[in-house]
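Results of the structural survey
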Amino acid sequence: MIPHATYYVNLAPASQQVLARSLDTVPAVGYRGKRWLTTTKGGRLRVGCASAPGTPASAEPAEFRLDLEGLLGLADLFRRIIDFRSPFTATHSAGVAATAARLACLAGLSEMECRMMRAAGYLHDIGKLAVPAEILEKPGPLTKHEFNIIKQHAFHSYRIIESLPTLDVVNRWASLHHERLDGRGYPFHYSGRELSLGSRIMSVADVFTALTEQRPYRHAMEAAKALDVVRELGCASALDLEIVSLLASHLDEVDAERRAAQAAAGEDYKASTGKGPA
Ligand SMILES: [Fe+2]
């Protein structure tokens, strides 16, 4: 139990600003309806929660419950911290989340599962927080060692989300996004039936979204061209062909949702950092 919860988080200045703004947008997370209070102070972010007037400082919260809406708000907060480290990834998780959630609905998942898929999309690259920014933004080809460091992010995502057992399904959808049906993916080299429908959807959403984004080493692709590449990966037994077909038959709808989500995230990034995404 955390009595009258107040703690400090050490963050880079840009992340402090982003987190402070993000916390303002997070829906009430269940602390008896009281909002979290945030102030930046001395290079650190002070995070506390309000208590009723007259409540002794030693009183403990009677309840702290996080529902799916609260999870989505927190996942969106983490999405900003993850993506805003680089202008090249500033809108990536927003695009993956929108694409994956739409594909999940088209695949017949329930409304609740579609929202869980959105949260998984926000969190799928959380392990990139362990990857140095100079590797994420390196303009030239990566060395084998650097590429191996980047690949470790999927395992880090798994270990970070694993700390919340109730997010087990979300974790598998999020952290297995680099696995491949033929077993040649990472980090666990799962294949075929070891990969759930949700994990397969996330893989397609991640590849499709990434291809439509500008990178230091290549230009962004139009949606139709990105779909061609996704199709090739489906035919090569890397991605699920049924999900690829779903994307192909609803390309305009899915891509419009992705673009809208990434445009909004780009505006948010610009407002937070004063510069636009790449
Ligand atoms: Fe990733």
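Everything below is about the structure shown above.
Now for a description of the structure that goes with this document. (Residues numbered from 1 in each chain as written. Predicted model: local features only at pLDDT ≥ 70, side-chain atom pairs only at ≥ 80, totals over all residues.)

**Here's the deal with the overall build of the protein chain**
Counted only if it meets this: Segments assigned H or I by DSSP are reported as helices when at least four residues long, segments assigned E as strands when at least two residues long, and all are numbered from the N terminus. Think of it as a crowd count around each C-beta: if 20 or more other C-beta atoms lie within 10 Å the residue is buried, if 12 or fewer it is exposed, and in between it is partly exposed, with C-beta placed from the backbone throughout. Once C-beta atoms have been placed from the backbone, residue pairs whose C-beta atoms lie within 7 Å are recorded as contacts.
Secondary structure summary: the protein chain contains 11 helices and three strands in total. Beginning at the N terminus, the succession of helices and strands in the protein chain can be written as β-α-β-β-α-α-α-α-α-α-α-α-α-α. Of all 278 residues assigned to the protein chain, the portion counted as buried reaches 33%. For the protein chain, long-range pairs separated by at least 24 residues make up 68% of all intrachain contacts whose partners lie at least 6 apart in sequence.

**Quick word on the nonpolar core**
Keep this limit in mind: Residues of type Ala, Val, Leu, Ile, Met, Phe, Trp, Tyr and Cys that are buried and joined through C-beta atoms within 7 Å form what is called a nonpolar core.
Formed by 46 residues in total, the largest nonpolar core has its most connected members in Ala 100, Leu 103, Ala 120, Leu 123, Val 204 and Leu 247. Secondary structure elements with two or more residues in this core: helix H2 (68–83), helix H3 (92–106), helix H4 (111–123), helix H7 (168–175), helix H8 (197–211), helix H9 (223–235), helix H10 (241–249) and helix H11 (251–273). Excluding its chain neighbours within four sequence positions, the residues that come into contact with Leu 247 are Leu 103, Val 204, Phe 208, Leu 227, Val 230 and Val 254.

**As for the environment of Ser 157**
Considering the arrangement of structural elements, one finds Ser 157 in helix H6 (residues 144–162). A C-alpha to C-alpha distance of 9.3 Å links Ser 157 and Ala 130, two positions 27 residues apart in sequence.

**Structural notes on H8**
Where we set the bar: Take the number of residues in a helix, subtract one, and multiply by 1.5 Å to get its expected span.
Taking 1.5 Å per residue, 15 residues should reach 21 Å; H8 reaches 22 Å between its end C-alpha atoms and fits that length. Here H8 lies mainly inside the structure; 12 of its 15 residues are buried. Every buried residue of H8 is accounted for by Gly 198, Ser 199, Arg 200, Ile 201, Met 202, Ser 203, Val 204, Ala 205, Asp 206, Val 207, Phe 208 and Thr 209. Where H8 is buried, its residues touch H3, H4, H7, H9, H10 and H11.

**Observations regarding unusual backbone geometry**
Backbone phi values are negative for most residues with the exception of glycine, while trans is the configuration of most peptide bonds. Put simply, Tyr 186 and Pro 187 share a cis peptide bond, and its omega is 15 degrees. Look at His 189: it is not a glycine, yet its phi comes out positive at around 60 degrees. By the secondary structure assignment, His 189 is in the loop between H7 and H8. Of note, Ser 237 is a non-glycine position whose phi angle comes to about 65 degrees, a positive value. As for its position among the elements, Ser 237 is in the loop between H9 and H10.

**Section: the environment of Gly 183**
By secondary structure assignment, the location of Gly 183 is in the loop between H7 and H8. Placed 12 residues apart in sequence, Gly 183 and Leu 195 show a C-alpha to C-alpha distance of 9.8 Å. Once residues lying within four places of it in the same chain are set aside, the contact partners of Gly 183 are His 189, Tyr 190 and Ser 191.

**Some points on the packing of H3 against H8**
Our working definition: Think of each axis as a best-fit line through the C-alpha atoms, taken over the contacting stretch in the case of a helix, with angles from 0 to 180 degrees between the N-to-C directions. An angle below 35 degrees is treated as roughly parallel, one above 145 as roughly antiparallel, one from 65 to 115 as roughly perpendicular, and anything else as oblique. Two helices that cross are described as forming a left-handed crossing if the nearer one is turned anticlockwise from the farther one by less than a right angle, and a right-handed crossing if clockwise. Residues are grouped as follows: nonpolar covers Ala, Val, Leu, Ile, Met, Phe, Trp, Tyr, Cys and Pro; charged covers Asp, Glu, Lys and Arg; every other residue, Gly included, is treated as polar.
At a minimum axis separation of 8 Å, H3 and H8 run at an interaxial angle of 135 degrees. Here H8 runs oblique to H3, going by the angle between their axes. In the packing of H3 onto H8, the handedness of the crossing is right-handed. Mapping the contact onto sequence places His 92, Gly 95, Val 96, Thr 99, Ala 100, Leu 103 and Ala 104 in H3 and Ile 201, Met 202, Val 204, Ala 205, Asp 206, Phe 208 and Thr 209 in H8. Across the contact of H3 with H8, the residue classes tally to nine nonpolar, four polar and one charged.

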